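Observations on the model geometry
This is what each chain is made of:
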Number of protein chains: 2
Amino acid sequence: MNAGRTARERARAELTEEIKNEARRQLRIEGPAALSLRAVARELGMVSSALYRYFRNRDELLTALITDAYRALGAAAEQAVATVPAEDHRDRWRACWHAARDWAVAHPHEYALIYGSPVPGYHAPGDTIAAARRLVLVLLGVLRDGHAAGRLRPLARVKLPGGLAGQLDALIAEFAPELSRELFARLLSAWTQLFGAISFELFGHYVGSVDPSADFFAYLIEDLADQVGLPA
Amino acid sequence: MNAGRTARERARAELTEEIKNEARRQLRIEGPAALSLRAVARELGMVSSALYRYFRNRDELLTALITDAYRALGAAAEQAVATVPAEDHRDRWRACWHAARDWAVAHPHEYALIYGSPVPGYHAPGDTIAAARRLVLVLLGVLRDGHAAGRLRPLARVKLPGGLAGQLDALIAEFAPELSRELFARLLSAWTQLFGAISFELFGHYVGSVDPSADFFAYLIEDLADQVGLPA
DNA sequence: ACTCCTAGAGAGCAGTGATCTCGATATAGA
DNA sequence: TCTATATCGAGATCACTGCTCTCTAGGAGT
């Protein structure tokens, strides 16, 4: 793994990781606005200016944390789905969403970093949008498998507003030519719905209604599984 | 309106409003993290310490902006619904959601303040949760009217996870004893869905899929109207 | 006319992100 | 093995922030 890397390079990579870890630790306590380069440096026993050898500025550190978070969330979903037999399509759907929600609950501040309001000065490098896509691709994979196995209940045809049909067609052509517009629309809808629910839960909007919201979340997962045509 | 208020009180109220307006102006440009009391004071031609006569600290100013935002969003929804004849239930549903989305698009930073990640040091005073409820209450009103007029298609009975049924019953008892669990679950679900969609749109998560997302949003509104049983 | 109280000014403190310079040192090439 | 180079971290510094304190001018209420 480390073959061909000089001691310096390894040290640099390690320290970079330590900086991010310490930053994550601070994030866990106070949230992104309170993340202070100086405090991170202090905790690591160095001086703040040294930190600029590793990250050009505060935003760059935050961006690194953001892409890491996308990666972690994507990995959690992929792993969860991988543990379920490929032919249990609905269970895979469930596994993916529960993994996403569990990860979010376990890392609320990192979740807020990626699905909360964008931090000031965010530039969404191409890096992050690829990482962000992973979770949707996992779900899409589940649906494609289900479709290929002929285990997807066909969806009723729906009237789609003008521009939407074209947007869906473009996505279909790029990602899953065998699927229908209706299914794709429902996938996007489910994706929106569940991240909406996770956000509402974590950001406190369910306080006073369905809080704690584990059961409501489970209800949504089943409901949306039905809507995309996954058989019980 | 101003009867019985001394000149001093009026001046104070006016300046308070000016401070909030200037703060909103800065919010529009840079986001909440960049909101600076000193900059606000500077722009208003006073010194920063004077500002503390009006707001105890930065968080208190932000909290004021948050409750204002909830109020504005709630008012926008109420007005939109009020312009539609009471018997056009589905149109009222549409009007409410379109008003919410339009307001969010017109005030993205204020939207982020209330539906993005909670700002550090948020304490969600009781004030805000009442204001936050207004929009849901508008929707609930639309559904109650529809139900009272017998114009709501009955919903299929659904199996609800253990705790959820109890939570829904409590809400039903408090807000609308005549409605069914299924309808309430769908209302919460629609609420989640549409704010999820607004957030995804504003925070850039639809880039590369359904962006611009006006049509997708319209699709969701119709879909959810169907799901809560509003007849076309 | 007298007090009282409030709004605002100004100085100051501790903390922040960021930049620059300057030695120390590990690396790489001869 | 010796040396030139690139990297790293320290320290000082700048402009900025939120916030507190003290002080004064002047309007409000008696």
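As a starting point, this report considers the structure included with it. None of the values given here were measured: they were computed from a predicted structure.

1. Thoughts on the relation of the copies chain B and chain A
Applying a rotation about an axis and a shift along it to one chain copy brings it onto the other copy. Expressed as a screw operation, the relation of chain B to chain A combines 0.0 Å of axial shift with a rotation of 180°, fitting to an RMSD of 0.1 Å. Taken together, these values place the two copies in the relation of a two-fold axis. By residue overlap, the copies meet face to face through one surface: 100% of the interface positions of chain B are interface positions in chain A.

2. What about empty space enclosed by the protein?
Counted according to the given criterion, the structure contains four cavities of 30 Å³ or more. There is about 100 Å³ of room inside the largest cavity. If you go around the largest cavity, you meet 13 residues; those closest to its centre are G196(A), S199(A), F195(B), G196(B) and S199(B). If you list the elements that add at least two residues to the lining of the largest cavity, you get α9 (181-202) of chain A together with α6 (108-115) and α9 (181-202) of chain B. Residues that form the lining of the largest cavity fall into these classes: nine nonpolar, four polar and no charged. In this structure, the second largest cavity encloses a volume near 50 Å³. In terms of lining residues, the second largest cavity is bounded by R24(A), L27(A), R28(A), H107(A), P108(A), H109(A) and E110(A). Residue assignment for the lining of the second largest cavity shows that the elements contributing at least two residues are α1 (7-30) and α6 (108-115) of chain A. Residue composition of the lining of the second largest cavity, by class: two nonpolar, two polar and three charged. Three or more residues apiece are contributed to the lining of the second largest cavity by two domains, here domain 1 (1-56) and domain 2 (59-228) of chain A.

3. Remarks on the protein's contact with DNA strand D
In the neighbourhood of DNA strand D, 22 residues make up the surrounding shell, with R53(A), Y54(A), L37(B), R38(B) and R42(B) lying closest. In DNA strand D, atoms within 4 Å of the protein come from the sugar-phosphate backbone in 49% of cases. One nitrogen or oxygen atom from the side chain of R53(A) is found 2.4 Å from a base oxygen belonging to DNA strand D. One of the side-chain nitrogen or oxygen atoms of S36(B) is found 3.1 Å away from a phosphate oxygen of DNA strand D.

4. Notes on the protein's contact with DNA strand C
Inspection of the region around DNA strand C gives 22 residues, with R38(A), R42(A), R12(B), R53(B) and Y54(B) positioned closest. Each atom of DNA strand C within 4 Å of the protein was classed as base or backbone; sugar and phosphate made up 49%. Separating a base nitrogen of DNA strand C from a side-chain N or O atom of R38(A) is a distance of 2.3 Å. R12(B) places a polar side-chain atom, nitrogen or oxygen, 2.6 Å from a phosphate oxygen of DNA strand C. Secondary structure elements with two or more residues in the surface near DNA strand C: α1 and α2 (37-43) of chain A together with α1 (7-30) and α3 (48-51) of chain B. When the residues that make up the surface near DNA strand C are grouped by side-chain class, the tally is nine nonpolar, five polar and eight charged.

5. Details of the side chain of Q167(B)
Structurally, Q167(B) is set in helix α8 (residues 162-175). Contacts of Q167(B), omitting those with residues within four sequence positions, involve S209(A), V210(A), D211(A) and P212(A).

Criteria and thresholds
For every chain, the first residue of the written sequence is number 1, and numbering continues from 1 along that sequence. The order in which chains are written sets their letters, starting at A; the order in which ligands are written sets their numbers, starting at 1. It should be noted that, the model being predicted, local features are given only for residues of pLDDT at least 70 and side-chain atom pairs only at 80 or more, the latter also being counted only at that level, while totals for whole chains, interfaces and linings use all residues. Computation of side-chain values: all heavy atoms of the structure, hydrogens and water removed. The copies are overlaid by a least-squares fit using only the C-alpha atoms of residues whose pLDDT is at least 70 in both copies. Two residues form a contact once any of their heavy atoms are found within 4.5 Å. Note on definitions: the grid is 1 Å and covers protein atoms alone; a cavity is a set of points where a 1.4 Å probe fits but cannot get out; a pocket is an open set with protein on both sides within 12 Å along at least five of seven lines; lining residues have an atom within 4 Å of a point. Grid points are joined across faces, edges and corners, and a volume is the space filled by probe spheres set on the points. Secondary structure is summarised from DSSP: a helix means a run of H or I of at least four residues, a strand means a run of E of at least two, and numbering begins at the N terminus for each. Any residue that is not Ala, Val, Leu, Ile, Met, Phe, Trp, Tyr, Cys, Pro, Asp, Glu, Lys or Arg is counted as polar, Gly included; the first ten are nonpolar and the last four charged. The source of the domain bounds is an automatic or database domain assignment. The criterion for a residue being near a molecule or strand is simple. One of its heavy atoms has to lie within 4 Å of it. Polar contacts, as counted here, are pairs of nitrogen or oxygen atoms within 3.5 Å of one another; within protein the pair requires one atom able to donate a hydrogen and one able to accept it, and residues that are adjacent in sequence qualify only if both atoms are side-chain atoms.

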